[in-house]
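Chain and residue survey
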Amino acid sequence: MQDLAYTPEIAASTAPLYAKVKHVVPEIEWPVFAPTIAAINALKHEKHAVILAHNYMTPEIFHCVADFVGDSLQLAREAAKTDAKILVQAGVHFMAETAKILSPEKIVLIPDIHAGCSLAASITGADVRLLRQKYPGLPVITYVNTSAEVKAESDICCTSSNAVDVVEATAAEHGVDTVIMIPDEYLAQNVAKQTRVKIITWKGHCEVHERFTAADIKSYRKANPGVVVLAHPECPPEVVAEADFAGSTSGMISYVGAKRPKRVVLVTECSMSDNVAVEYPDVQFVRPCNLCPHMKRITLPKILDSLVSMKEEVTIDPMIAGRARRSVERMIHLKS
């Protein structure tokens, strides 16, 4: 059993971490978080492990125990570069699978095996095979927010930031004017507005982003005159049309860092606003709070338990992993 008392020693050793997050983590909560944070940081060094934290993790995870932070593909690529033996994915299951795909020799753990994703769950490998039968000869472009088996059935992967380039390059490579893009219907529709390539979509949605409406954006502007609205392209097209900028989580973070708007609203999962606010305290964040219930399954106690008990380990059939890796690597090596 870990001794998780909030002692003066723990208070002193974690003080620099709290100084960083104090304006997004209430002081009354820190004595609860600090002992677990200290235990995690000690144990990961002892076990030669690293923690990969997605942009949607809460600040006490994102800023206080993570070794690498970012979107799912960023995390997997950074994990592949490290010599750590153990990767702990603070995110959802498809992210852990992507890390395993790119680091097959490493042990990949996810603190809650039930941390899924409505978008990834919207399609299966069998669905992709049926799509190929229905549209013979058309290439299949798969968003990285999918399972390993779906990636394995695809020609190439894409992210929300490079989707237009992937669509155009893939259509040109295959000599077609139409591609299949799965599973996010709204991302595909938003990409279609930026290219002449025709896109066949799949009716998958992110349960966080699909809840935003154009009326929401108008109400944010009315309540906060001058606010800059940044939207994720998994939002419905009418939401993206109302925004000042649409981009991936990394794209939104870069926008805030470069432009330093006085007041901004990030139309995405709400923990990201807290994480970006830590880095840019001079920016005022309007926080519409759409939480991802799957991301919120990952907590500090579960991360600690994962390291102590070495659970839950993510494994992928080597045949599936190899085919999935080719789809991811084709995207990584794409010359746009």
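What counts, and at which threshold
Residues numbered from 1 in each chain as written. Predicted model: local features only at pLDDT ≥ 70, side-chain atom pairs only at ≥ 80, totals over all residues. Heavy atoms only, no water. Pairing = 2+ DSSP bridges. Helix = DSSP H or I, 4+ residues; strand = E, 2+ residues; numbered from the N terminus. Contact = heavy atoms within 4.5 Å. Axes fitted to C-alpha atoms, helices over the stretch in contact; angles between N-to-C directions. Phe/Tyr/Trp six-rings, centres within 6.5 Å; stacked < 30°, edge-to-face > 60°. Buried < 20%, exposed > 50% of the residue type's maximum accessible area, 1.4 Å probe, protein only. 1 Å grid on protein atoms, 1.4 Å probe; cavity = no way out; pocket = protein on both sides within 12 Å on 5 of 7 lines; lining within 4 Å. Points joined across faces, edges and corners; volume = space filled by probe spheres on them. Nonpolar A, V, L, I, M, F, W, Y, C, P; charged D, E, K, R; others polar. Polar contact = N/O pair within 3.5 Å; in protein donor to acceptor, adjacent residues only side chain to side chain.

Ordered in space as β10-β9-β11-β12, the four strands form an open sheet in which the pairing is parallel. Each edge of the sheet is formed by a strand with only one pairing partner; in this case those strands are β10 (245–246) and β12 (284–286). Pairing of strand β11 (residues 263–267) with β12, which is carried by three bridges, proceeds in the parallel orientation. Bridge assignment links valine 264 to a residue of β12, and that residue is phenylalanine 285. Strands in contact with helix α12 (residues 249–259) are β9 (228–231), β10, β11 and β12; relative to β9, the strand with the most contacts, it is inclined by about 155 degrees.

In total, this model carries two aromatic pairs according to the counting rule given. Both rings, one in tyrosine 18 and one in tryptophan 30, keep their centres 4.9 Å apart while their planes meet at 40 degrees; by these two values the pair is tilted. With a gap of twelve residues between them, tyrosine 18 in helix α1 (residues 8–21) and tryptophan 30 in helix α2 (residues 30–46) connect regions that are remote in the sequence. Each member of the pair tyrosine 18 and tryptophan 30 is classed as buried. With a centroid separation of 5.0 Å and an interplanar angle of 35 degrees, the aromatic rings of phenylalanine 245 and tyrosine 255 are classed as tilted. Separated by ten residues along the polypeptide, phenylalanine 245 in strand β10 and tyrosine 255 in helix α12 bring together distant segments of the chain.

Looking now at empty space enclosed by the protein. Taken as a whole, this structure holds one cavity of 30 Å³ or more when the rule is applied. Computed from the structure, the largest cavity encloses a volume of approximately 330 Å³. If you trace the largest cavity, you find 29 residues lining it, with His54, Tyr56, Phe94, Asn145 and Glu234 closest to the centre. The residue makeup of the lining of the largest cavity, split by class, is 13 nonpolar, twelve polar and four charged.

Before going further, it helps to spend a moment on the side chain of threonine 146. Summarising the element assignment, threonine 146 is placed in the loop between β5 (140–143) and α7 (148–152). The exposure class assigned to threonine 146 is buried, which follows from its relative accessible area of 0%. Of the polar contacts made by the side chain of threonine 146, one reaches the backbone oxygen of tyrosine 143; its length is 2.7 Å. Those residues in contact with threonine 146, other than ones at most four positions away along the chain, are Phe94, Ala120, Lys151 and Pro183.

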